[in-house]
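Residue-level listing of the chains:
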Protein chains: 2
Amino acid sequence: MDHHEETTNLIAGGKVSGTEVYNGAGEHLGQIHDLMVDKRSGKVAYAVMSFGGFLGIGEKYHPLPWSTLAYDERQRGYIVNLTNDQLKGGPAYADDLEPEWDRDYESRVHGYYGVRPYWDQ
Amino acid sequence: MDHHEETTNLIAGGKVSGTEVYNGAGEHLGQIHDLMVDKRSGKVAYAVMSFGGFLGIGEKYHPLPWSTLAYDERQRGYIVNLTNDQLKGGPAYADDLEPEWDRDYESRVHGYYGVRPYWDQ
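Residues numbered from 1 in each chain as written. Chains lettered and ligands numbered in written order. Predicted model: local features only at pLDDT ≥ 70, side-chain atom pairs only at ≥ 80, totals over all residues. Heavy atoms only, no water.

1. Remarks on the interface of chain A and chain B
Inference 1: Contact residues are listed per partner, giving 38 residues for chain A and 37 residues for chain B.
Inference 2: Taken together, chain A and chain B are joined by zero salt bridges.
Inference 3: If you look at where chain A meets chain B, you find seven residue pairs in polar contact (both at pLDDT 80 or more).
Inference 4: Residue assignment for the side of chain A that touches chain B shows that the elements contributing at least two residues are strand E1 (10–12), helix H1 (13–16), strand E3 (28–38), strand E4 (44–51) and helix H3 (103–113) of chain A.
Inference 5: Residue contributions to the side of chain A that touches chain B peak at five residues, all from E3 of chain A.
Inference 6: Among the residues making up the side of chain A that touches chain B, the classes are represented as 15 nonpolar, nine polar and 14 charged.
Inference 7: As judged from the three bridges shared by E1 of chain A and strand E3 (residues 28–38) of chain B, these two strands associate in the antiparallel manner. If you follow Ala-12 of chain A over to E3 of chain B, its bridge partner there is Met-36 of chain B. (Contact = heavy atoms within 4.5 Å. Salt bridge = Lys/Arg side-chain N within 4 Å of Asp/Glu carboxyl O. Polar contact = N/O pair within 3.5 Å; in protein donor to acceptor, adjacent residues only side chain to side chain. Helix = DSSP H or I, 4+ residues; strand = E, 2+ residues; numbered from the N terminus. Nonpolar A, V, L, I, M, F, W, Y, C, P; charged D, E, K, R; others polar. Pairing = 2+ DSSP bridges.)

2. Focus on the relation of the copies chain A and chain B
Inference 1: Mapping chain A onto chain B calls for a rotation angle of 180 degrees and an axial translation of 0.0 Å; the resulting RMSD is 0.0 Å. Those values place the two copies in the arrangement expected of a two-fold rotation axis. Looking at the rotation axis and the C-alpha trace of chain A, the residue lying nearest is Lys-43 of chain A, at 2.4 Å.
Inference 2: A share of 97% of interface residues in chain A that are also interface residues in chain B marks the association as one of identical surfaces. (Least-squares fit on C-alpha atoms with pLDDT ≥ 70 in both.)

3. Focus: the side chain of Asp-38 of chain B
Inference 1: Inspection of the secondary structure puts Asp-38 of chain B in strand E3.
Inference 2: Among residues more than four places away in sequence, those in contact with Asp-38 of chain B are Asn-9 and Leu-10 of chain A together with Lys-43, Ala-45 and Tyr-118 of chain B.

4. Remarks on unusual backbone geometry
Inference 1: In this structure, Trp-101 of chain A is a non-glycine residue whose phi angle is positive, near 55 degrees.
Inference 2: Turning to its location among the elements, Trp-101 of chain A is positioned in the loop between helix H2 (84–88) and H3.
Inference 3: Residue classification places Trp-101 of chain A among the buried residues on the basis of a relative accessible area of 3%.
Inference 4: At Arg-76 of chain B, a position not held by glycine, the phi torsion is positive, near 55 degrees.
Inference 5: Along the chain, Arg-76 of chain B turns up in the loop between strand E6 (69–72) and strand E7 (77–80). (Buried < 20%, exposed > 50% of the residue type's maximum accessible area, 1.4 Å probe, protein only.)

Now the structure itself:
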């Protein structure tokens, strides 16, 4: 463990990128690409997960509401209780087609995963 | 505005680094170096601010509890209501001497700035 960037409870934002994501069965789904932080509250709104593709080709970014992720100390990664098919069908964008993140889009993302929006918690 | 990384409400974690920090009088204090995120809650616990020094020499990292910062849309930066002297006297570390971030240290940081710990909110 690199105690300069990670402690038991804290992780440096710059180090979250690249953290692995698994499903409940321990299968590898993808990696965290970046976090989207609500500037005012300081709450992480989304973990943007890179998923699919091969050697970076065809890979898409899937914004996952933070509340869908749980950190697993043992696997040193995040767990989401989603199947590959659920992920595939979810809101996603290619690198050069990032959405505007307006409330319509954000509501759609939260609706898809059936969780309460972070601005309404 | 680069809408690929920043929206009105959201900012990509990877882009927070480098955001400027000002005091209430509009004076420039430093820059955000990185964020420390509570892995489980997804709350940003600290903005680690680089402060002091000259051309990177003698610069120190000051963990500021997130609740001490307010985002200012107009200045496109964070405001903390602290003087230079208050900052200078606060908990800080050099690049190669990062603390262990244990609860003693964290309590001291919050105590210095007189704010409630993020784990107790």
